[in-house]
Amino acid sequence: MANPVLTPERWQKELSDDQPGWAAPRAATAAGYASGGVREPMAPPMAGAPTMTVGGTLTATGVLFLCILLTGWVGWVQVTQVAVDRTLPDGTVVTDIVTDYPGWVFWPMIAAVVVAFVTVAKPQLARFLAPLYALGFGFSIGAISHMYDLQYDGIVVQAVGATLAALGAMFVLYATRIIKVTQRFVMVVVGATAGIFVLYLVTWIASIFGADIVFWRQPTVLGIGISVVICIVAALNLAIDFAFIEQATKAGAPKYMEWYGAFGITVTLVWLYLEMLRLLALLRQD
């Protein structure tokens, strides 16, 4: 699922929906991105009202990844290898080792995507819906990961390492302000992400009608290049996520936005991990 979820408009909307004691309606804009710096805190919430914190967001993120790991293991064990005999024209019987998995293994992912769209529309429900998203996607991620690992031994460890390395690099680049999340930066990254989503959608629709658009999924220079670009765009979305969490925290966003922030980070990292898997698989194909 293509990101971004954590756009500036989202937390600004949550702060400006005529909530008594929170920032004045429509007071928040994206102007803070123009200078490349972090917005100054907006009007403070009512005294005693719980607000979003970085620590709370990190805790929620940890809970979501625990959910992914738990159901990921369940999905992993659903995928096995079985021996299948087939007879050649000359009568010789050969045994093939094929990957076997239940047909319903991807249904949890579809359900998780639906939950994700509802969460984007209703951030107030993120504390309930985000764990459901993590549980559903975790199951399918576990199954997909095992399929890749059976074909390319050790690729899952490599993909996890590459994803964590990208996360660490983007955090350092954001924290040191080498990457500044300006309004233009957000527009470019969101636009690139939308283009990738269109590519996914066109490929999916074409597959329904029997067409197979494979040029961007082949181990060619073009295919690998497109995969690298997608990984870069996914990683850049992390900078937008970091800016969202930092600015929403400084602005005194409602407490439930911690779960929404954790949800956004999870969506980005899941997307980045799956793209890393695909890129590494392309690089390891003969």
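The structure under discussion appears in the preceding block.
No experiment lies behind these values; they were computed from the predicted model shown.

Draft legend 1. Region of interest: the overall build of the protein. The number of helices and strands found in the protein is eight helices and two strands. Ordered by position from N to C terminus, the α and β elements of the protein give α-α-β-β-α-α-α-α-α-α. For the protein, the proportion of its 286 residues judged to be buried stands at 44%. In the protein, 78% of the contacts between residues at least 6 apart in sequence involve partners at least 24 apart. Taken as a whole, the protein presents about 14000 Å² of accessible surface, with 69% of it coming from carbon and sulfur.

Draft legend 2. Molecular detail of helix α2 (residues 54-77). For α2, built from 24 residues, the straight-helix expectation of 34 Å at 1.5 Å per residue is met to within 8% by its first-to-last C-alpha distance of 35 Å. Buried within α2 are the following residues: G56, T57, A60, T61, L64, C67, I68, T71, G72 and G75. Elements in contact with the buried residues of α2: α4 (126-151), α7 (221-250) and α8 (257-284). Regarding α2, its N-cap is T53, as a side-chain oxygen of that residue lies 2.9 Å from the backbone nitrogen of G56 further along.

Draft legend 3. Region of the structure containing the nonpolar core. Membership of the largest hydrophobic core comes to 63 residues, with the highest contact counts inside it found for Y133, F137, V181 and L274. Mapped by element, the contributors of at least two residues to this core are α2, α3 (107-121), α4, α5 (155-175), α6 (183-208), α7 and α8. Among the elements that line this core, the one with the most residues is α8, at 17 residues.

Draft legend 4. Geometry of the packing of α2 against α4. Running from N to C, α2 and α4 cross one another at 45°; their axes reach a closest spacing of 6 Å. Between α2 and α4, the angle falls in the class oblique. Between α2 and α4 lies a crossing whose hand is right-handed. Across the interface between the two elements, L64, C67, I68, T71, G72, V74, G75 and W76 of α2 pack against A130, P131, A134, L135, G138, F139, G142, A143, S145, H146 and D149 of α4. Classifying every residue of the contact of α2 with α4 by side-chain character gives 11 nonpolar, seven polar and one charged.

How each quantity is defined
Residues numbered from 1 in each chain as written. Predicted model: local features only at pLDDT ≥ 70, side-chain atom pairs only at ≥ 80, totals over all residues. Heavy atoms only, no water. Helix = DSSP H or I, 4+ residues; strand = E, 2+ residues; numbered from the N terminus. Buried < 20%, exposed > 50% of the residue type's maximum accessible area, 1.4 Å probe, protein only. Contact = heavy atoms within 4.5 Å. Areas by Shrake-Rupley, 256 points an atom, 1.4 Å probe, with all protein chains shown as cover. Expected span 1.5 Å × (residues − 1). Polar contact = N/O pair within 3.5 Å; in protein donor to acceptor, adjacent residues only side chain to side chain. Core = buried A, V, L, I, M, F, W, Y, C linked by side-chain atoms within 4.5 Å. Axes fitted to C-alpha atoms, helices over the stretch in contact; angles between N-to-C directions. Parallel < 35°, antiparallel > 145°, perpendicular 65-115°, else oblique. Left-handed = near helix turned anticlockwise from the far one by under 90°. Nonpolar A, V, L, I, M, F, W, Y, C, P; charged D, E, K, R; others polar.

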